[in-house]
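Residue-level structure breakdown
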Amino acid sequence: MKKIQMVDLKGQYEGIKDQVNTSFQEVIENAAFINGPQVQQFQKDLEDYLQVKNVIPCANGTDALQIAMMGLGLKPGDEVITADFTFAATVEVIALLQLTPVLVDVEPDTFNIDPEAIKKAITPKTKAIVPVHLFGQPANMDAIMEIAEEHKLFVIEDNAQAIGGNYHSKNGKTYKTGAIGHIGATSFFPSKNLGCYGDGGAIFTNNDELAHTIRGIVNHGMYERYHHDVVGVNSRLDSLQAAVLRAKLPKLDVYNEARKEAANRYNDAFKDEAHIETPVRKGDCDTHVYHQYTLKIKNGKRDALAKHLQEKGIPFGIYYPIPLHKQKAYTDSRYNESDFPVTNQLVQEVLALPMHTELDKEQISYITETIKQFLNT
Ligand SMILES: *Cc1c(COP(=O)(O)O)cnc(C)c1O
């Protein structure tokens, strides 16, 4: 059996090696390392793939979120509602811009922000909602967009974990995640579903005016060379990273299909296990892109199982071990523990199994058999 890895980027590279090597060579020979033609081509490719009018590449997913909030003109003191159960980057940029993060609980089945909790958290200062499509599954965007419309709020989708996912709206249309709200932000960190070989990110929007504003922000607030109209940042996707992304984007659906297949195998193996809840998929089979395959271990033995997996050479992840509202940097006297029953429980139950495009049957059955044996003895 091949050694099991949490993420296997080497195997994936084999399939795009010639193209990546050739375009790396091209970038180096042309020495257009920043803003070379690969960046513009990738931008166009991604606009077509996502069916969104504007893609603005940037340096990483955290920047993408920050720049989105800058582009919307959010001001210190404005409240931004996001999920208590997500990666810290989402809340970090809110705090960094001196906006006020308002963390709310998530749904127990999808792990995604709970629209009912959003409603309760809205105040006259609320300006935006940041749903995260956690682990690759779209949040309940119909409900979120309805709330946003009613209260005149912006919606910034944190799509770092869900690129390529589809969302079937009740209006009958199908959207790519990240292209539903006012702005989408994503990351091309190597382990994401569409990852480059370093850092990278992008912002999406169908609003041309907003796109123009953001194109200036990512480039020191310049709309005309050496005229700085707004305070900006330096956040660029470099040409080498764009070359990798151009090679991978045409394969994204195939990659996501391979993840789904692995998820289906896991689901099958665990279907009769009393102590395991497998990830629930809301909607059709093309909605969830399984950035992570996250189990809930219901018998209180999550940590013991984790230790056992470590001994057996099976990698795993605990995403996330601490609710954001309990992190030192983000505590706030407005929170009550009773506001976060779901997140507080999830942090004790979740366990993510290896998930990538190169997992084979043999590896999956070794993983699932090891887990079943442990939980049933
Ligand atoms: C990875 C990730 C980010 C940040 O992306 P970087 O490119 O690492 O800055 C933001 N939000 C979520 C949910 C993520 O998973």
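Bear in mind the structure is a predicted one, so any value in this text is a computation, not a measurement. Within every chain, residues take consecutive numbers counted from 1 along the sequence as written. Under the rules for a predicted model, residues below a pLDDT of 70 receive no local features and side-chain atom pairs below 80 are neither given nor counted, while totals for whole chains, interfaces and linings still include all residues. As a rule here, side-chain values cover all heavy atoms of the structure and leave hydrogens and water aside.

This paragraph deals with empty space enclosed by the protein. One simple way to see leftover space: roll a probe sized like a water molecule over the atoms. Of the grid points, spaced at 1 Å and generated over the protein atoms alone, those admitting a 1.4 Å probe that cannot get out make up cavities, while open sets with protein on both sides within 12 Å along at least five of seven lines make up pockets; any residue with an atom within 4 Å of a point is treated as lining. Grid points are joined across faces, edges and corners, and a volume is the space filled by probe spheres set on the points. In the structure shown here, the tally under the stated rule is one cavity of 30 Å³ or more. As for the largest cavity, its lining consists of 13 residues, of which Val7, Leu9, Gln12, Lys192 and Arg259 are closest to the centre. Residues are grouped as follows: Ala, Val, Leu, Ile, Met, Phe, Trp, Tyr, Cys and Pro are nonpolar; Asp, Glu, Lys and Arg are charged; every other residue, Gly included, is polar. For the lining of the largest cavity, the residue count by class is three nonpolar, six polar and four charged. Shared between two domains, the lining of the largest cavity holds at least three residues of each, these being domain 1 (9-104 + 112-250) and domain 2 (252-375). An automatic or database domain assignment supplies the start and end points of every domain.

Taken domain by domain, the chain holds domain 1 (9-104 + 112-250) and domain 2 (252-375). The centre of domain 1, based on its C-alpha atoms, is set 25 Å off from the matching centre of domain 2. It only takes one pair of heavy atoms within 4.5 Å for two residues to be counted as in contact. Facing the 39 residues of domain 1 at the interface are 32 residues of domain 2. Both faces considered, domain 1 and domain 2 share a buried interface measuring about 3000 Å² in area, 55% of it formed by carbon and sulfur atoms. Here, a salt bridge means any side-chain nitrogen of Lys or Arg that lies within 4 Å of a carboxyl oxygen of Asp or Glu. For the pair domain 1 and domain 2, the number of links is one salt bridge. Notably, a salt bridge pairs Glu79 with Arg334, separated by 3.5 Å at the nearest N-O pair. Polar contacts, as counted here, are pairs of nitrogen or oxygen atoms within 3.5 Å of one another; within protein the pair requires one atom able to donate a hydrogen and one able to accept it, and residues that are adjacent in sequence qualify only if both atoms are side-chain atoms. At the boundary of domain 1 with domain 2, the tally comes to 20 residue pairs in polar contact (both at pLDDT 80 or more). Counting from the N terminus, the helices are DSSP H or I runs at least four residues long and the strands are E runs at least two residues long. Top element by residues in the side of domain 1 that touches domain 2 is strand β3 (residues 100-104). It accounts for five residues. When two components associate, each loses some accessible surface as probed by a 1.4 Å sphere; the sum of these losses over both components is called the buried area.

A few words now on the sheet that holds strand β13 (residues 293-297). Between any two strands, pairing holds if DSSP finds at least two bridges. Taken together, three strands build an open sheet; the order of strands is β12-β13-β14 and the sheet is antiparallel. The sheet terminates laterally at β12 (276-277) and β14 (350-353), the two strands that pair on one side only. Sheet analysis places β12 next to β13, joined by two bridges and oriented antiparallel. Bridge pairing links Glu277 to Lys296 in β13.

This part takes up helix α10 (residues 252-270). For α10, with 19 residues, the first-to-last C-alpha span of 27 Å sits near the 27 Å given by 1.5 Å per residue. Residue exposure (1.4 Å probe, protein chains only): buried if accessible area is under 20% of the type maximum, exposed if over 50%, otherwise partly exposed. Taken together, the buried positions of α10 are Leu252, Tyr255, Asn256, Arg259, Lys260, Ala262, Ala263, Tyr266, Asn267, Ala269 and Phe270. Expected helix span is given by 1.5 Å per residue-to-residue step, counting one fewer step than there are residues.

Let us look at the site of the ligand. Taken together, the neighbourhood of the ligand is formed by 13 residues, with Gly61, Thr62, Asp158, Ser187 and Lys192 sitting nearest. In the environment of the ligand, an oxygen atom lies 2.7 Å from a nitrogen or oxygen atom belonging to the side chain of Ser187. Lys192 places a side-chain nitrogen or oxygen 2.7 Å from an oxygen atom of the ligand. The fraction of the free accessible surface of the ligand (380 Å²) that becomes covered by protein chains is 91%. Residue classes in the shell around the ligand are distributed as four nonpolar, seven polar and two charged. Being near a molecule or strand, for a residue, means having at least one of its heavy atoms within 4 Å of it. Per-residue accessibility takes into account occlusion by the displayed protein chains alone, with areas from the Shrake-Rupley method and a 1.4 Å probe.

Our focus in this paragraph is the side chain of His325. Tracing the sequence through the fold places His325 in the loop between α11 (302-311) and α12 (341-349). Within the structure, the side chain of His325 is placed 2.7 Å from the side chain of Asp84, a separation counted as a polar contact. Of note is the side chain of His325, whose polar atom sits 3.0 Å from the side chain of Glu337. If sequence neighbours within four positions are ignored, His325 has contacts with Asp84, Leu103, Tyr330, Thr331, Tyr335, Glu337, Phe340 and Asn344.

Throughout this description, the term nonpolar core refers to a set of buried Ala, Val, Leu, Ile, Met, Phe, Trp, Tyr and Cys residues connected via side-chain atoms within 4.5 Å. Counting 31 residues, the largest nonpolar core has Ile81, Phe85, Val104, Ile113, Ile118 and Ile144 as its most contacted members. Elements that contribute at least two residues to this core include exactly β2 (79-83), β3, α6 (115-121), α7 (141-151) and α12. Sort the elements by how many residues they give to this core and α7 lands first, with five residues. If you count residues domain by domain, this core takes at least three from each of domain 1 (9-104 + 112-250) and domain 2 (252-375). Contact partners of Ile81, with chain neighbours within four places excluded, come to Val102, Val104, Ile113, Ile118, Ala121, Ile122, Thr126, Ala128, Ile129 and Val130. Formed by 26 residues, the second largest nonpolar core is a distinct cluster that contains Ile56, Ala64, Val80 and Ala211.

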